[in-house]
Amino acid sequence: MGELVVEVESLVVRYGRGRAAVTAVDGLSLTVVRATVTAILGPNGAGKTTTIETCEGYRRPQGGRVRVLGLDPVADRRALLPRLGVMLQEGGAWSGVRATEMLHHVARLHANPLDVDMLVQRLDLGSCGRTPYRRLSGGQKQRLSLAMAIVGRPELAFLDEPTAGLDPLARRATWELIEDLRRDGVSVVLTTHYMEEAERLADQVHVIDGGRVIASGSPAELTSRGAANSLRFRGPAGLDVRSLVAALPEGSRVREPAPGSYLVLGTIDPHLLATVTAWCASNGVLPDDLAVERHNLEDVFLELTGRKLQP
Ligand SMILES: Nc1ncnc2c1ncn2[C@@H]1O[C@H](COP(=O)(O)OP(=O)(O)OP(=O)(O)O)[C@@H](O)[C@H]1O
Ligand SMILES: [Mg+2]
């Protein structure tokens, strides 16, 4: 395992006091490994923003311990800030500034910035021209905020919902930029509601709900646990499923939930698929609608909480 750039242990953050207090983060623990992409995935109000704002030093926790690049985000804030890239969920406070001017300005403050023209082109910020920040569209603001957070090629970037509200093209451009950052050795922590985003981008996913981590792992680890993946196909009704089971690895199951509709449960890997098709061939069966159904992070969330990730 690599060096840890973020360590959060039993974090508690409350808003307000006394009986009116809201416990936004309630004993949350997670770590982030250097030069990886870590996704914090959870529904509205789960505590994602509160957690990363605490890591950025904007909030003082009521309990637990947070270390970012080995430092205390509140006490060591001045030393830490130049090493971080921060994209807030609510955008920045620079309402009158023009997009590309601001980006050039921020780039000049850093020793080894990304190429501003490349960022402008890849995030399609050229069209923002001389429009002041406050008059940009939602998606333009979002893309500019991302550019500002990463232009300095920070050691560690916190991106709060970097793709919320972006169109599919801009979302893909953002994903590619984040992948390039990882290649450059930047550690990225992002929050998202989109399980396909976490699956595509993240090395490690922390699923959070009610201010706690309810599951952690790589996307593959998370999706391979719990309910098995399945393989479905259609064929003539009443095939001898017992002989198919006998050909498959131990622990596999085969059902015929409706006549002629077959369901294979177990570890669905290329080898198992080959075994099923070989069995079909030797039984003279041409399987119709053969489909591998993979369990995704949305299913994992549903299984863990009984609720859907996105309403
Ligand atoms: N300033 C605040 N005062 C009071 N309660 C707050 C404040 N900020 C957040 N909360 C509450 O804390 C909880 C966690 O909020 P947080 O913004 O961290 O969630 P989130 O996971 O980022 O949600 P979203 O997906 O909507 O961005 C919510 O119940 C929210 O209402
Ligand atoms: Mg949030």
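Basis of the calculations
- Residues numbered from 1 in each chain as written.
- Chains lettered and ligands numbered in written order.
- Predicted model: local features only at pLDDT ≥ 70, side-chain atom pairs only at ≥ 80, totals over all residues.
- Heavy atoms only, no water.
- Core = buried A, V, L, I, M, F, W, Y, C linked by side-chain atoms within 4.5 Å.
- Buried < 20%, exposed > 50% of the residue type's maximum accessible area, 1.4 Å probe, protein only.
- Helix = DSSP H or I, 4+ residues; strand = E, 2+ residues; numbered from the N terminus.
- Contact = heavy atoms within 4.5 Å.
- Near = heavy atom within 4 Å.
- Polar contact = N/O pair within 3.5 Å; in protein donor to acceptor, adjacent residues only side chain to side chain.
- Areas by Shrake-Rupley, 256 points an atom, 1.4 Å probe, with all protein chains shown as cover.
- Nonpolar A, V, L, I, M, F, W, Y, C, P; charged D, E, K, R; others polar.
- Phe/Tyr/Trp six-rings, centres within 6.5 Å; stacked < 30°, edge-to-face > 60°.
- Lys NZ or Arg CZ within 6 Å of the ring centre and 35° of its normal.
- Domains from an automatic or database assignment.

Undergrad: Please clarify how the nonpolar core should be interpreted in this entry.
TA: Here is a general trend for soluble globular proteins: nonpolar side chains tend to be buried in one another's company. Counting 45 residues, the largest nonpolar core has Ile150 and Leu159 as its most contacted members. Here the element with the most residues in this core is helix 5 (residues 138-150); it accounts for six residues. Filtering out sequence-adjacent residues up to four positions away, Ile150 remains in contact with Leu114, Leu119, Leu159, Leu177 and Leu181. In this structure, Val5, Ile52, Cys55 and Val68 belong to the second largest nonpolar core, which totals 23 residues.

Undergrad: Please explain the site of ligand 1 as it appears in this structure.
TA: Of all residues adjacent to ligand 1, which total 13 residues, the nearest are Gly45, Lys48, Thr49, Thr50 and His193. Separating an oxygen atom of ligand 1 from a backbone N or O atom of Ala46 is a distance of 3.1 Å. A distance of 2.8 Å separates an oxygen atom of ligand 1 from a polar atom in the side chain of Thr49. Taken by itself ligand 1 offers 640 Å² of open surface, and the protein chains cover 63% of this. Per-element accounting of the shell around ligand 1 gives the leading share, three residues, to helix 1 (residues 48-55). Here the residues of the shell around ligand 1 sort into four nonpolar, seven polar and two charged.

Undergrad: Quick question: what am I supposed to make of the side chain of His206 here?
TA: One can find His206 in strand 8 (residues 204-209). The buried category is assigned to His206, whose relative accessible area is 3%. In this structure His206 touches Leu30, Thr31, Thr38, Ala39, Ile40, Leu41, Ala215 and Ser216, once residues within four positions along its chain are discounted.

Undergrad: Explain the packing of aromatic side chains to me, please; I cannot follow it from the model alone.
TA: Within this structure, the stated rule accounts for one aromatic pair. A centroid spacing of 5.2 Å and a plane angle of 20° characterise the contact between Phe233 and Tyr262, whose relative ring orientation is stacked. Taken as a pair, Phe233 in strand 10 (residues 229-234) and Tyr262 in strand 12 (residues 261-266) lie far apart in primary sequence, 29 residues in all. Judged by relative accessible area, Phe233 falls into the buried class, the value being 2%. For Tyr262, a relative accessible area of 1% puts it in the buried group. In this arrangement the basic side chain of Arg77 is found over the ring face of Tyr58, its NZ or CZ atom lying 4.7 Å from the centre. Here the guanidinium or amino end of Arg171 rests over the ring plane of Tyr194, the centre of that ring lying 4.2 Å away.

Undergrad: I keep staring at the domain arrangement of the chain and nothing clicks. Help me out?
TA: Accessible area lost when the parts come together is the quantity often used to give the size of an interface. Domain boundaries assigned for the chain yield domain 1 (4-223) and domain 2 (228-294). Of note, the centres of domain 1 and domain 2, computed from C-alpha atoms alone, are 44 Å apart.

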